[in-house]
Amino acid sequence: MYDKIFPPKQVVLPSGKVVLEKRSRTPLILLLMVIAIVWSVNMTGFDIKLLFRRIDQFFVIIGDMIPPKWSYFSSLWRALVATLQMSLVGSMIGALLSVPFAVMASANIIRNQVVVTVFKVILSLLRTLPTLVTALIATFVFGLGPTAGVVAILLFTISYVGKLLYEQIENVDMGPFEAMESIGMTRIQAFRYAVLPQVLPGFLSTSLFCFEGNVRYAAILGYVGAGGIGLLINENLGWRDYSNLGMIILALVVTVYLIEWVSEHFRKKLI
Amino acid sequence: GSKNNSSENSPSPSASAPSESAQPAAIDIKELKVSFVPSKDPETIITATDPLKDLLKAQLATEGYNVDKVSIDVGTTYEAVGEALTAGSTDIGFIPGGTYALYDDGADVILTATRAGLSNDSDNAKDWNDNKPTAATAEQANYYRSLFIAGPSKKGQELAAKVNGGEQLTWEDLNSANWAIMSTSSSAGYIYPTLWLQKNFNKSLTDLSHVVTSDSYGTSFARLAAGQADVIVAYADARRDFEPKWTADFGRGQSIWDETNVIGVTQGIYNDTISVSKNDKIMTDEFKTALQNAFIAIAQTEEGKKVISVYSHEGYKVAQSSDYDGERQAQELIKSMKK
Amino acid sequence: MIEFKNVEKKYPNGTAALQNVNLKIGQGEFVAVIGLSGAGKSTLIRCINRMHDITSGQLMVDNVDVTGLKGKQIRNFRRRIGMIFQSFNLVTRTTVIKNVLVSFVPDLPFWRKVTGIFTKEHKLKALEALDKVGILDKAFVRVDQLSGGQQQRVALARTLAQNPDIILADEPIASLDPVTSKQVMDDFKKINKDMNISVIMNIHHVEVALEYADRIIGIRKGEVVFDGESDKVTKHILNDIYGGQVEELKSSMEEKSAHV
Amino acid sequence: MIEFKNVEKKYPNGTAALQNVNLKIGQGEFVAVIGLSGAGKSTLIRCINRMHDITSGQLMVDNVDVTGLKGKQIRNFRRRIGMIFQSFNLVTRTTVIKNVLVSFVPDLPFWRKVTGIFTKEHKLKALEALDKVGILDKAFVRVDQLSGGQQQRVALARTLAQNPDIILADEPIASLDPVTSKQVMDDFKKINKDMNISVIMNIHHVEVALEYADRIIGIRKGEVVFDGESDKVTKHILNDIYGGQVEELKSSMEEKSAHV
Amino acid sequence: MSTIEKQLLASPRNRSYVLIVTAIVLLLFLWSLSVVSFKDVNQSGLKIAQNIMNGIIHPDLDLLLNVSKQSVLYLLVQTLAIAFLGTVVGAILSVPFAFLAASNIVPKPVSWLTRLLLIVIRTIPALVYGLMFIRVSGPGPFAGVLTVGLTSIGMLSKLYVDAIEELDTKVLESMTSIGCTTFEKIRFGIVPQLMSIFMSVTIYRFDMNMREASILGLVGAGGIGAPLIFAMNGYKWNQVGSLLIGLVVLILIIELISNKIRAKLIKG
Ligand SMILES: Nc1ncnc2c1ncn2[C@@H]1O[C@H](COP(=O)(O)OP(=O)(O)OP(=O)(O)O)[C@@H](O)[C@H]1O
Ligand SMILES: Nc1ncnc2c1ncn2[C@@H]1O[C@H](COP(=O)(O)OP(=O)(O)OP(=O)(O)O)[C@@H](O)[C@H]1O
Ligand SMILES: [Mg+2]
Ligand SMILES: [Mg+2]
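Residues numbered from 1 in each chain as written. Chains lettered and ligands numbered in written order. Predicted model: local features only at pLDDT ≥ 70, side-chain atom pairs only at ≥ 80, totals over all residues. Heavy atoms only, no water.

Going by the annotation in an unreviewed UniProt entry, the name recorded for chain E is Phosphonate ABC transporter, permease protein PhnE, with Cohnella terricola given as the source organism. Word for word, the UniProt comment on chain E under Sequence similarities (unreviewed entry) is "Belongs to the binding-protein-dependent transport system permease family." (UniProt positions renumbered as here; feature names shortened; annotations may be inferred.)

Taking an unreviewed UniProt entry as the reference, chain A is identified by name as Phosphonate ABC transporter, permease protein PhnE belonging to Cohnella terricola. Annotation of chain A in UniProt includes, under Sequence similarities (unreviewed entry), the sentence "Belongs to the binding-protein-dependent transport system permease family." Note on chain A: under the UniProt heading Subcellular location (unreviewed entry), the record states "Cell membrane".

In structure tokens form, the structure reads like this:
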């Protein structure tokens, strides 16, 4: 298409040979990018000068957070633990459930294109549904508190890990899969023995990243009464109690760091 | 997009002021930023605020100010507008009294909204139950109350029966119920109910054993209807707002007035304010007065009424900082209880 | 015994990859299939274990019509036929023995299939298979740490562990260097002779084919144009199989020998 | 002319990779360096363009003492010497021509370096280089779509575009199959003869070395144990270079020829 | 046979390790499972949930199709602009972070410190960033862009780092042999390798940012978020439904396009 509008350039070598050079798409892409950026800048009122002039205001709240109020830890750790539990359960179940979804959405494993498309769209829809909405609905179904948060996290995990997983599965080397089939395995068995070992490290790493993300995400879930540390964040934001907020964030940072450290340890073992 | 933030432009008498007959030289203002926080459930989700821009421009022009551009933003949290006012990144904020009191280091209150008064205004809960349903009156009020509302659950009925029977509720009665309240910075959903508990039982909302926070009054009422909560706290006309939903969406057989009862009434809460930023060079006393006049005038036009009704405002009254001393005390009290 | 009767294979896009194929291959034969690229060698081999379906004709293996098999029957049938690929098709992230153990999966009870825990007996069998191809010492090494030749041997061991009657090999030495190729071909020969397993192999190296195989099948444009003992292959026959391109082939053969 | 005078190279960990090396290589020679793995072949080659520093002795290229060069001088000096690697070392994600154009980068004005926009003249030169190695038609194809042999040719073209006096090649055909190897070796030979570029090549395939190179340098344990014309290499000499392991080598050679 | 048995005995014993790790994970899981309870499931709650769903799947189409400056369509387009520009900002900020965090480029302590900083950056909730930026620019889409930009950094730089750590450094060796300086090596050896992966990661993040629009509503940072939250708070689920439909259609279109581009970038 593009090549028809911009016919390839001819390059003639001194020896008389002729090479056709396809027109680069880079200028067109750059042009489109520039147009898109200019349009968005207009649309959003983005103003880099204002940003630099007033950037000091950005740090006011950070300044208020330091030093964090250490004594607040005694009132936040329960909520933190609850948040961790919520995320752990939601992420683990979600990650496990995402596997069948991802398999059904992989064009190279499932031969029926309709099934594949349907599952891809399901995963996409799941990701679009705002977690706030799912969490709120969950509070009505499962009552108030962490169960609802778990469900919301679980749904999000399925959609996020599921999507990354099916992308990995579709990029996998299908040779071993073929070999397994030639041995007489079913497609599901062949998946288990030929594809799973290849995607396992990636799967674990996305799941752990998602778990860590969920710990932070659980912070927002407090907003709809799904429990956890989110309630405390909202409360302290409401009261402009930024030193307490600083303590919460510090506690979260330490937690996330520990999770990352542990997950890195196991990921290295696995690869 | 705005190329310049208004706060950086001090008002200057314009050289080429349009010579409007009897007016003194008009003052130019590049941009005026107005931020809204609907403190109650907004009438419509579409921010039908566009007409306000022109109304405000027109009114300010008659006060001798030429505003090039009015931009309006709608946030959903009070803190966002509060911070913006203190930082001077917005000029005018429609915020609840509680938020004003919390951010008064950077915000000045200029107006209080007035709204239709209600047919009940007693601070005795039984009166509200005897005179059901509550209706709007033609009178304007600049304050409202918060109610403790007991729902159709067994516990809720039990509490209501006690109140209607003229008995005093005990702390044990309240403590045995499931509560749905709003976040801590909400006046009607947290602060004033806490004050009430403090006055009557020397306790706070957080002392209750079974209490959950809702993201919105809608959720509170839904939980009340579902029996997940026995008691909720809400602004006085909330039941009017949720009357249709009660039977339609929350699936109750009878009307909200039949199934819910008031078991406590808080003192008056000042209505929403219009506050302006202190850290904003254009906010001279003259300009504040001009704004006060402009908003009051807008609220009297047909078109203006329509716009502000989106936020359940019906008119504006000039306000002083001292009007909110009660609010400040309440907040002090709650903060000291938290510690 | 494998028997092709008037087999034809058309791909969905209309390519007629096999036409009019009639062949009988007895148990224990070592057959090399040669032909130009695109002649249909891979298609021929893959029809035997139903990795592809034929479009008409009959394909009998031990007097069973393969075309009629379904689902579980196909899978059981495939268990008897080992397949070796040009690119080995191993799971490179796991150990050698795990790659071999895979052959036992279809026989396992469900819980073992899911957990991937194998019995001691199976492990011994897998090790034996590795021993047969001479890489017992690499059993617990990860496959991606092996050379190409060693990897092909793992693939061979995987197939042996399956205890097949027939081995199909699709250009098993194409991605190996000459020395390793020789070792792998020797392995094939040994297995073929010692265990009486039929070997049907696609191969591009004519000289290797002539050296190792008992029987040569030449394919051109989807048709069998030669079928006979290796010793009977003449330059003329090669010319026929390779459709007049034998001159090129010859020169490339010469190049190669000049080269090594 | 390249001249090694008593060159010694010790790695920081104490390994003496080169000792007592004295060599003179004239312009336009085709030299093959052979020896066991670990003998020091790569080290020898890499000292020439200062990818490694020698620890004592002198290394002169065209009567300039290479050891003394610094920073920009080294870079300018390297521009005259092309280097080819076993694993090609191309940027696989871009087109062939962009890989070749990289040779001109050090001569570009700053803005061109930043934007990566090359002159038409440079493009022509790059295309010519590609023409010389016979893959002009692949000029605008992404490298990862090429076969190994084609990739090595791109590397060769990149080096040619540099217009070097000397090409150093570290096992350029080790990862290629026999047919492609031959093509690449022919390219080397052609360049060497037509353009009078010196070629110094490490190589494991003795037969190939003997066939193509004018001169053989045998290295054992960091020392030059043979230096002479290819025709003069006898089994005895090979035995010496490969330290008694020539029996094995021989058998492997026989295997190979049996094989092709 | 005996050598075979010997070899079997020589199999690496990591069973106890695997068992212990599995046991720990299981225990953690069971311990966490204690937060889950289903005793609060009741009929009227289900009824309300059902009504909510019912509202969402019976969207208020008038709202969606009405075209004015404040219509859903306009706000959707504004969300698109916020997400796009936010992603651009995030991508630009992430590049230096990624290089500073890549252990094969900078010394260990530097990469460790950068990683720590990245954790801090991505741990601060979007709500808090929203407030910080509102102090800078006031409520509105500009604050939204900045918030989106900052919240994108966490994921973007992590995926960038992964790409950088997989760099093929052999190319650099050959560039050294050509006589290139460090700058030239980065420009012509590293950038071409990273470009397409970075682009593909960034496009993925753009897609995610569109979906996070509802969170922006919480801080008044423009776009479809505020109406979405208002509609939720007002229990107008048919309005929520219509907003979501608009969002979903837009996102599906974007996803379709971005998948195409990403496939092209990766496979060439
Ligand atoms: N999946 C397929 N769909 C359509 N046509 C195919 C397919 N696979 C192969 N073909 C075509 O069928 C013909 C035979 O292909 P086949 O792979 O059997 O050849 P081959 O002899 O194995 O060649 P090579 O030596 O290159 O492997 C070729 O024309 C090929 O293009
Ligand atoms: N960077 C290094 N640090 C320390 N020792 C090294 C280094 N590189 C090579 N050596 C050692 O120097 C000796 C010569 O290595 P060199 O790579 O030159 O051998 P080679 O002849 O090229 O071998 P091969 O054929 O395997 O490539 C070997 O003993 C090797 O272990
Ligand atoms: Mg084939
Ligand atoms: Mg070497």
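Having seen the model, we can carry on.
**So, the overall build of chain A**
Per the secondary structure count, chain A includes eleven helices and two strands. Tracing chain A from N to C terminus, the helices and strands come up as α-β-β-α-α-α-α-α-α-α-α-α-α. Seen along its three principal axes, the alpha-carbon backbone of chain A occupies a region of about 80 × 60 × 40 Å. Counting over 271 residues, chain A shows a buried share of 58%. A separation threshold of at least 6 residues defines the contact pool for chain A, and within that pool the share at least 24 residues apart is 68%. Accessible surface computed for chain A: about 11300 Å², of which carbon and sulfur atoms make up 72%. The centroid of the 22 positive side-chain charges in chain A is displaced by 5 Å from the centroid of its 15 negative side-chain charges. (Helix = DSSP H or I, 4+ residues; strand = E, 2+ residues; numbered from the N terminus. Buried < 20%, exposed > 50% of the residue type's maximum accessible area, 1.4 Å probe, protein only. Contact = heavy atoms within 4.5 Å. Areas by Shrake-Rupley, 256 points an atom, 1.4 Å probe, with all protein chains shown as cover. Lys, Arg positive; Asp, Glu negative; His and termini not counted. Charge placed at Lys NZ, Arg CZ, Asp CG, Glu CD.)

**Examining the site of ligand 2**
Residues and elements named next belong to chain D. Neighbouring ligand 2 are 14 residues, the closest being Ser37, Gly38, Lys41, Ser42 and Thr43. One of the side-chain nitrogen or oxygen atoms of Ser42 is found 2.6 Å away from an oxygen atom of ligand 2. At 2.4 Å, a side-chain N or O of Thr43 approaches an oxygen atom of ligand 2. A total of 630 Å² of accessible area belongs to ligand 2 in isolation, and the protein chains cover 63% of it. Counting residues per element, the shell around ligand 2 draws most heavily on helix α1 (residues 41-48), at three residues. Taken together, the residues that form the shell around ligand 2 break down as four nonpolar, eight polar and two charged. (Near = heavy atom within 4 Å. Polar contact = N/O pair within 3.5 Å; in protein donor to acceptor, adjacent residues only side chain to side chain. Nonpolar A, V, L, I, M, F, W, Y, C, P; charged D, E, K, R; others polar.)

**Side note on the UniProt feature "transmembrane region" (unreviewed entry) in chain E**
Residue and element names in this part refer to chain E. Residues annotated in UniProt with the feature "transmembrane region" (unreviewed entry) correspond here to residues 16-38, 72-100, 112-134, 140-161, 213-231 and 237-257. Helix makes up 100% of residues 72-100 and strand 0%. Its end C-alpha atoms lie 41 Å apart. Taken end to end, residues 112-134 has its terminal C-alpha atoms 31 Å apart, with 91% of it in helix and 0% in strand.

**Side note on the pairing of strand β10 (residues 223-229) of chain D**
Residues and elements named next belong to chain D. Two strands pair when backbone bridges link them, and strand β9 (residues 215-220) and β10 are joined in this way by six bridges, in the antiparallel orientation. Bridge pairing in β10 places Ile216 opposite Gly228. Hairpin connection from β9 to β10: two residues lie between these consecutive antiparallel strands, with Lys221 at a positive phi of about 45°. (Pairing = 2+ DSSP bridges.)

**Topic: the interface of chain A and chain E**
On the side of chain E, 78 residues touch chain A, which itself brings 70 residues to the contact. Surface buried jointly by chain A and chain E totals about 6800 Å² across both partners, of which 75% is contributed by carbon and sulfur atoms. Broken down residue by residue, the surface that chain A buries against chain E is led by Met43, Phe58 and Phe140 of chain A, which jointly contribute 9%. Where chain A packs against chain E, one counts four salt bridges. Viewed at the interface, chain E and chain A are joined by ten residue pairs in polar contact (both at pLDDT 80 or more). Classifying every residue of the side of chain A that touches chain E gives 49 nonpolar, twelve polar and nine charged. (Buried area = accessible area lost by both parts, 1.4 Å probe. Salt bridge = Lys/Arg side-chain N within 4 Å of Asp/Glu carboxyl O.)

**Let's talk about the side chain of Arg215 of chain D**
For Arg215 of chain D, the location among the structural elements is in strand β9. Within polar-contact distance, the side chain of Arg215 of chain D engages the side chain of Glu29 of chain D at 3.0 Å.

**Some points on the packing of aromatic side chains**
Summed over the entire model, instances satisfying the criterion amount to 24 aromatic pairs over all chains. For the pair Phe94 of chain B and Tyr316 of chain B, a centre-to-centre distance of 6.3 Å together with 85° between the ring planes defines the contact as edge-to-face. Of this pair, Phe94 of chain B sits in strand β4 (residues 92-95) while Tyr316 of chain B sits in strand β15 (residues 315-318), and the two are 222 residues apart along the sequence. Residue class for Phe94 of chain B comes out buried when judged on its relative accessible area of 2%. The exposure class of Tyr316 of chain B is buried, given its relative accessible area of 8%. Each member of the aromatic cluster is reached from another via a ring pair, and the members are Phe148, Trp171, Trp179, Trp196 and Phe201 of chain B. Geometry around Tyr144 of chain B places Arg115 of chain B over its ring, the cationic atom sitting 5.8 Å from the centre. Cation over ring: Lys9 of chain C sits above Tyr11 of chain C, and NZ or CZ is 4.9 Å from the ring centre. (Phe/Tyr/Trp six-rings, centres within 6.5 Å; stacked < 30°, edge-to-face > 60°. Lys NZ or Arg CZ within 6 Å of the ring centre and 35° of its normal.)

**Re the pairing of strand β3 (residues 30-35) of chain C**
Residue and element names in this part refer to chain C. Summarising burial for β3: six of the six residues are buried, a large majority. On β3, burial covers both faces: Phe30, Ala32 and Ile34 on one face and Val31, Val33 and Gly35 on the other are all buried. In this sheet, strand β8 (residues 198-202) lies alongside β3 in parallel orientation, the contact comprising four bridges. Paired with Val31 across the bridge in β8 is Ile200.

**Observations regarding the site of ligand 1**
Residue and element names in this part refer to chain C. For ligand 1, the set of nearby residues contains 14 residues, the closest of which are Ser37, Gly38, Lys41, Ser42 and Thr43. Ser42 places a side-chain nitrogen or oxygen 2.5 Å from an oxygen atom of ligand 1. Thr43 is positioned such that a nitrogen or oxygen atom in its side chain is 2.5 Å from an oxygen atom of ligand 1. Protein chains bury 64% of the 630 Å² of accessible surface belonging to ligand 1 in isolation. The leading source of residues in the shell around ligand 1 is helix α1 (residues 41-48), at three residues. A class-by-class count of the residues in the shell around ligand 1 yields four nonpolar, eight polar and two charged.

**Quick look at a nonpolar patch on the surface**
Taken together, the side chains of Trp70, Leu250, Val254, Leu258, Trp261, Val262 and Phe266 of chain A together with Tyr17 and Val18 of chain E present a nonpolar region at the surface, about 850 Å² in accessible area. Mapped onto the elements, Leu250 of chain A comes out in helix α11 (residues 242-270). (Patch = residues over 30% accessible without salt bridge, like charges linked within 9 Å, V, L, I, M, F, W, Y side chains within 5 Å.)

**Here we look at the domain arrangement of chain A**
Under the domain assignment, chain A is made up of domain 1 (2-46) and domain 2 (68-270). Relative to domain 2 of chain A, the C-alpha centre of domain 1 of chain A lies at a distance of 40 Å. (Domains from an automatic or database assignment.)

**Concerning the environment of Leu127 of chain C**
As for its position among the elements, Leu127 of chain C is in helix α5 (residues 120-132). In sequence terms Leu127 of chain C and Ala157 of chain C are 30 residues apart; their C-alpha atoms lie 8.8 Å from each other. If near-sequence neighbours (up to four positions away) are discounted, Leu127 of chain C is found in contact with Ile97, Leu136 and Ala139 of chain C together with Ile4, Gln7 and Leu8 of chain E.

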